[in-house]
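Here are the chains, one letter per residue:
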Amino acid sequence: MTDNILNALTFDVEDYFQVAALAEAVQYDDWPSMEYRVEANTDRILSLLDHAQTKATFFTLGWVAERSPALVKRIVAQGHEIASHGYSHQLIYNQTPDVFREETRKSKKILEDITGQAVTGYRAASYSITQESRWALDILCDEGFTWDSSIFPVHHDRYGMPGTPRWPHRLKTDNGHELAEFPLSTLKLPGYTLPIAGGGYFRLFPYWFSQWGLGSINRKGQPFVFYLHPWEVDPGQPRLDVKWFSRFRHYNNLDVCEARLKQLLSRFQFTTMTQVLRGRGVLDN
């Protein structure tokens, strides 16, 4: 039976113009002048979760929280969990440790000042904690984080740490700290590890395949983590002029994503990341 397994439902709260796939068309300095759609799209997701009576973890970008503190408060008021998605959505391996520390501390303070609660969970922009940027894990521990969901145990052009554990576990950092890690969910196929955790993969694969793949994780007795972005339920977002592959990655099947999410919510049991990690015994109560 898989129906009693609680899975982690997560949303990365960022706007369409902040994603790495569109960075060739939009610079950081352009962000304030872009059409701002993240608030309405996140409210759409909150309404959907309220109807499904489901709680989730919202990894919220500090840049967004600064502009939409009332949105962060609405997320908390509905019983969801707030975690950090950093401040400026930059790839960690392109930052220095000092810059990463400064941004991590800044975004954590913004979220804690708005919510009045400790923020102890983190997810890197574009899952950019890799072998090259493992040093970031020690900085997270230094800054008071107790759990992370940034590591994707796959080969990918932008992220990935192949060969690392696929299930929730206690991770030891290079400097000897410990952190609860919930890696992004994957399917083990002959000779290949396939990402199945959501986002662009959820839009690319047929819905039946995503449901089967995620269900296969539960059938092994393990929880999966699912992620989505608010812009992925927004087919009306502006189309930016980028190369065909980036265009495909970002815009593919936006029109069916919300309906698929509703199906997923009716098929599996979900809760916050902290609740799943505590239930698995990898995070202290």
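1. Considering the packing of helix H7 (residues 207–219) against helix H9 (residues 254–267)
Alright, step 1. Look at H7 against H9: their axes get within 11 Å of each other, and the N-to-C directions meet at 30°. As far as their axial angle goes, H9 and H7 are roughly parallel. The chirality of how H7 crosses H9 is right-handed. Contacts from Tyr207, Gln211 and Leu214 in H7 reach Arg260, Gln263, Leu264 and Arg267 in H9.

2. Let's talk about the side chain of Glu232
Alright, step 1. Here Glu232 lies in the loop between strand E10 (225–228) and helix H8 (244–251).
Alright, step 2. One polar contact links Glu232 to Arg203, side chain to side chain, over a distance of 2.6 Å.
Alright, step 3. Within polar-contact distance, the side chain of Glu232 engages the side chain of His229 at 2.8 Å.
Alright, step 4. Sequence-distant contacts of Glu232, defined by excluding residues within four places in its chain, comprise Gly199, Gly200, Arg203, Leu254 and Cys257.

3. Looking at the pattern of salt bridges
Alright, step 1. As enumerated under the stated definition, the model contains 15 salt bridges in all.
Alright, step 2. Between Glu178 and Arg170 there is a salt bridge, with the nearest N and O atoms lying 3.2 Å from each other.
Alright, step 3. Look at Glu178 and you get partly exposed, because its relative accessible area is 42%.
Alright, step 4. Among the charged side chains, a salt-bridge network with shared partners connects Arg101, Arg105, Asp142 and Glu143.

4. Some remarks on a nonpolar patch on the surface
Alright, step 1. Taken together, the side chains of Leu204, Trp244, Phe245 and Phe248 make up a nonpolar region of the molecular surface, amounting to roughly 440 Å² of accessible area.
Alright, step 2. If you tally residues by element for the nonpolar patch, the top one is H8, at 3 residues.

The rules we used
Throughout this document, residue positions are counted from 1 along each chain, in the order its sequence is written. The model is predicted, so local features are restricted to residues of pLDDT at least 70 and side-chain atom pairs to those at 80 or more, both for listing and for counting; the totals for chains, interfaces and linings are taken over all residues. Only hydrogens and water are set aside; all other atoms, that is, all heavy atoms of the structure, feed into the side-chain values. Fitted lines through C-alpha atoms serve as axes, helices being fitted only where they are in contact, and the angles separating the N-to-C directions of these axes extend from 0 to 180 degrees. Numbering of helices and strands runs from the N terminus; a helix is a DSSP stretch of H or I covering at least four residues, while a strand is a stretch of E covering at least two. Any angle that falls under 35 degrees is termed roughly parallel, while one over 145 is termed roughly antiparallel, one within 65 to 115 roughly perpendicular, and all others oblique. Crossings are sorted by hand: turned counterclockwise from the far helix by less than a right angle, the near helix makes the crossing left-handed, and turned clockwise it makes it right-handed. The criterion used for residue contact is that any of the two residues' heavy atoms lie within 4.5 Å. Polar contacts here mean pairs of N or O atoms no more than 3.5 Å apart (in protein, one a potential hydrogen donor and the other a potential acceptor; neighbouring residues in sequence count only if both atoms are side-chain atoms). Basic side-chain nitrogens of Lys or Arg form a salt bridge, by our definition, when they fall within 4 Å of a carboxyl oxygen of Asp or Glu. Burial classes: relative accessible area under 20% of the type maximum marks a residue as buried, over 50% as exposed, and values in between as partly exposed (1.4 Å probe, protein chains only). Only residues whose relative accessible area exceeds 30% and that form no salt bridge are eligible for patches; like-charged ones are grouped when within 9 Å, while nonpolar side chains (Val, Leu, Ile, Met, Phe, Trp, Tyr) are grouped when within 5 Å. The protein chains shown are the only cover counted for residues, whose accessible areas, like all others here, come from Shrake-Rupley with a 1.4 Å probe.

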